[in-house]
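Structure assessment
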Amino acid sequence: FVGRRGSGKSTLLRRIQAEVCTDSELKEKFIVNNLSEEQAGIYKLYDLWDYVIRDLQAKNLSLPEINWQEYQDDLKEYTKVLYDTIHELLHKEDKRLILLVDNIDRIFKNIGKDANLLREQLMNFNDVRIIGGSTIMAENFWRYDMPFYQFFSVKRLEPLSMEEIKMLLEHWAEAKEKPEIAKFVEKHPGKIQAVRMLTDGTPRTMLLFIDML
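Residues numbered from 1 in each chain as written. Predicted model: local features only at pLDDT ≥ 70, side-chain atom pairs only at ≥ 80, totals over all residues. Heavy atoms only, no water.

**Topic: the overall build of the protein**
Which entries qualify depends on this criterion: To qualify as a helix, a DSSP run of H or I must reach at least 4 residues; to qualify as a strand, a run of E must reach at least 2; elements of each kind are numbered from the N terminus. Contact criterion: two residues are considered in contact whenever any of their non-hydrogen atoms come within 4.5 Å of each other. Reported accessibility uses the Shrake-Rupley method at a 1.4 Å probe radius. Residues are deemed covered only where the shown protein chains occlude them. Asp and Glu are treated as the negative residues and Lys and Arg as the positive ones, with His and the ends of the chain left uncounted. By convention, the charge on Lys lies at NZ, on Arg at CZ, on Asp at CG and on Glu at CD.
From N to C terminus, the protein includes 11 helices and 3 strands. Along the protein, helices (α) and strands (β) appear in the sequence α-α-β-α-α-β-α-α-β-α-α-α-α-α when read from the amino end. Projected onto the principal axes, the alpha-carbon positions of the protein cover approximately 70 × 40 × 25 Å. Put simply, of all contacts in the protein between residues at least 6 apart along the chain, 72% involve residues at least 24 apart. Counting only carbon and sulfur atoms, one obtains 50% of the accessible surface of the protein, whose full area is about 13,200 Å². Here the protein carries 31 positive and 35 negative side-chain charges, and the mean point of each set is 6 Å from the other.

The structure is reproduced here in structure tokens:
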């Protein structure tokens, strides 16, 4: 998902996580891991897989401990061992992993040349799926000489339309138990355009605007 700040990328990722974790059929097929917006500790691909392993362990899934010092002379091999560990667990559990990555462009920038190995791992195995959010269309996705050129399906989150804003305001009126919002929509349809212009059609800014009202 590519969109400006406040367009709903993080909310969409959390919504996907909530759906997988609460739907009985999806829970049988998938394990979901959500990397928060702050990924300060991920500089290499092995950092990413180590984070995933620790999250899986926190879900009470049994994975062997891997001593990175045994691979300090060959960190690429260490990266492969970490991924193989995840793959073996998923095969054992007969599930797939959905990896939700906010600010995914930052991850690609950090892992650098490891992107080639990541592409190789994702293509050779069918048990990890990545869904990400980004404020920009980073060169990793559009430059033909980059490993992930046309690899991801890109969905743009455009500003809300007039009809979408009306629907959203009516929903907030019900959810917040604020009927005056619904009355505003009904009695002042022309002012909705002003709201759209002031908020640039961004849900986060619009919510602040409504709270102010």
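**Side note on the pattern of salt bridges**
This is how it is decided: Counted as salt bridges are all cases of a side-chain nitrogen of Lys or Arg within 4 Å of a carboxyl oxygen of Asp or Glu. Exposed residues in this analysis have more than 50% of their type's maximum accessible area, buried residues have under 20%, and partly exposed residues fall in between, with area computed by a 1.4 Å probe over protein chains only.
Following the criterion strictly, the structure yields 4 salt bridges and no others. Across the salt bridge formed by R54 and D50, the nearest N and O atoms sit 3.1 Å from each other. With a gap of 4 residues between them, R54 and D50 both fall in helix α3 (residues 45–58), about one helical turn apart. Classification of R54 as partly exposed rests on a relative accessible area of 46%. On the basis of relative accessibility, which here comes to 26%, the residue D50 falls in the partly exposed class. Residue D55 pairs with K59 through a salt bridge whose shortest N-O separation is 2.4 Å.

**Focus on the packing of aromatic side chains**
Note the following rule: Two rings belonging to Phe, Tyr or Trp (six-membered ring only in the last case) form a pair when the distance between their centres is within 6.5 Å. Interplanar angles under 30 degrees mark stacking, angles over 60 mark edge-to-face geometry, and anything in between is tilted.
In total, this model carries 6 aromatic pairs according to the counting rule given. Plain terms: the ring middles of Y83 and F125 are 5.5 Å apart, the flat faces sit at 45° to each other, and that makes the pair tilted. Taken together, the positions of Y83 in helix α4 (residues 75–93) and F125 in the loop between α6 (115–124) and β3 (128–133) put the pair 42 residues apart, joining distant regions of the chain. We classify Y83 as buried; its relative accessible area is 1%.

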